[in-house]
Structure formats: C-alpha cells, structure tokens
Amino acid sequence: MKYLVMVQGAQVDYEAMAGKGSAHSPAWSERELRAMFEFMGAVSDDLAESGELVDSQGLTEPARTRTVTPGPDGRPVITDGPYGETKEVLAGYWVLDCESLERVTEIAARVARCPQPAGAPVYPVVIRPIDESDGKPS
C-alpha cells in the first residue's frame, strides 16, 4: 500500500531556519540546519535503498504559497500566503510504498526524531494511506 508521510511547519519556522528566530521558534545555526538536512537525506536514501520510496520533496515557505478558491460569483479568488486561517502547513512529504501500516509508522517515528534546536516547536508526522482505487468501489 502507498502512504503519504507529511511533515508540518509554519512561516516562523522557515524564518527561524533562515536565522530569524522568534518567541515561537529559535534561530537555527548553520550546524543545526545542516544536521536536519543530512538527517532527512539519510531517511530518503535509506527508503530509496529499501525500495519503499516513491517520491519525497521539501516545500518552500508558506509566504510563497497561493490559494485559489471560488468566489461568490464563481470567479477565482486568489490569496497569497501566509494564511491567517492556519499557522501550520505542509512543509514536506514522502510517498512510500510499504508492506504495512506498522512499517510506515516506524518510518514516521524516525522522521519525528529529526534534530532541531532546543525550544523549536514539535509538529506531528502525519501518515495518510493513498487511495489507489481510482474512485471505483472495491
């Protein structure tokens, strides 16, 4: 079965990784940033080697996001990020093809141990099974 494993973050976290700390998220040092990227790279490398990796990507900061919704007249309403409605957003993901929910949970637990500065916010790693039924009843 395929699973989407998601990591979350907020605009202030991206700013902290760029060295601009806040009360919400301390500034990351170059060493801490490098450790995080090396950790995430090692997770992806191990998953590629095991044959479980389908795709993985880190996403740009929320401030570079655009949201499109239908307006009352049916015309699109385009909003640039960051959003006032929510703080946490999808920061990156892996699409994995794993034998079981237990296996993908092991992987998510590893991802959750990613190094970060003391005092940085902790976000859940979210697992969602991917529906491969093409909308057809089984």
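Residues numbered from 1 in each chain as written. Predicted model: local features only at pLDDT ≥ 70, side-chain atom pairs only at ≥ 80, totals over all residues. Heavy atoms only, no water.

For the rest of this paragraph, the subject is the layout of surface pockets. Volume-wise, the largest pocket comes out at about 750 Å³. Lining of the largest pocket is provided by 33 residues; of these, Val7, Met17, Met36, Met40 and Ala91 occupy positions nearest its centre. Elements represented by at least two residues in the lining of the largest pocket include exactly β1 (2–9), α1 (11–17), α2 (30–50), β2 (53–58), β5 (89–97) and α3 (101–112). Per-element accounting of the lining of the largest pocket gives the leading share, six residues, to α2. (1 Å grid on protein atoms, 1.4 Å probe; cavity = no way out; pocket = protein on both sides within 12 Å on 5 of 7 lines; lining within 4 Å. Points joined across faces, edges and corners; volume = space filled by probe spheres on them. Helix = DSSP H or I, 4+ residues; strand = E, 2+ residues; numbered from the N terminus.)

Moving on, we get to α2. Compared with an ideal rise of 1.5 Å per residue, which puts 21 residues at 30 Å, α2 spans 30 Å between its outermost C-alpha atoms and is within 8% of the ideal. For α2, the complete set of buried residues consists of Glu32, Leu33, Met36, Phe39, Met40, Val43, Ser44 and Leu47. Here the buried residues of α2 occupy an arc of 130° about the axis, which is enough to place them on one side. Among the exposed residues of α2, those pointing more than 90 degrees away from its buried face are Glu30, Arg31, Glu38, Asp45 and Glu49. In this structure, the buried residues of α2 make contact with α1, β2, β5 and α3. (Expected span 1.5 Å × (residues − 1). Buried < 20%, exposed > 50% of the residue type's maximum accessible area, 1.4 Å probe, protein only. Arc of directions from axis to C-beta. Contact = heavy atoms within 4.5 Å.)

Secondary-structure assignment places serine 44 in helix α2. At 3.5 Å, the side chain of serine 44 forms a polar contact with the side chain of serine 56. A polar contact is formed between the side chain of serine 44 and the side chain of tryptophan 94, at a distance of 2.8 Å. The contacts of serine 44, once residues within four sequence positions are left out, are Leu53, Ser56 and Trp94. (Polar contact = N/O pair within 3.5 Å; in protein donor to acceptor, adjacent residues only side chain to side chain.)

Within the open sheet, the four strands sit side by side as β2-β5-β1-β6. Their pairing is antiparallel. A strand with exactly one partner marks an edge of an open sheet, and here the two such strands are β2 and β6 (125–129). If you compare each strand with its neighbour and ignore which way they point, the axes differ by 20° on average. Bridge analysis of β2 against β5 gives five bridges, and the strand direction is antiparallel. Along β5, the bridge assignment pairs serine 56 with tryptophan 94. The strands touched by α2 within the sheet are β2 and β5, with β5 carrying the most contacts at an inclination of about 20°. Along the sheet face, α3 touches β1, β5 and β6 and points at about 155° away from the line of β6. (Pairing = 2+ DSSP bridges. Axes fitted to C-alpha atoms, helices over the stretch in contact; angles between N-to-C directions.)

Before going further, it helps to spend a moment on the environment of lysine 87. Residue placement: lysine 87 occurs in the loop between β4 (76–80) and β5. Owing to a relative accessible area of 67%, lysine 87 belongs among the exposed residues under this scheme. Separated by 36 residues in sequence, lysine 87 and tyrosine 123 place their C-alpha atoms 12 Å apart.

Let's shift gears to α3. Between its first and last C-alpha atoms α3 spans 16 Å; for twelve residues at 1.5 Å apiece the expected length is 16 Å, and the two agree. Taken residue by residue, α3 has Val104, Ile107, Ala108 and Val111 as its buried positions. Looking down the long axis of α3, one finds its buried residues gathered within 100° of arc, a one-sided arrangement. Among the exposed residues of α3, those pointing more than 90 degrees away from its buried face are Glu102, Glu106 and Ala112. Each element contacted by the buried residues of α3 is listed here: β1, α2, β5 and β6.

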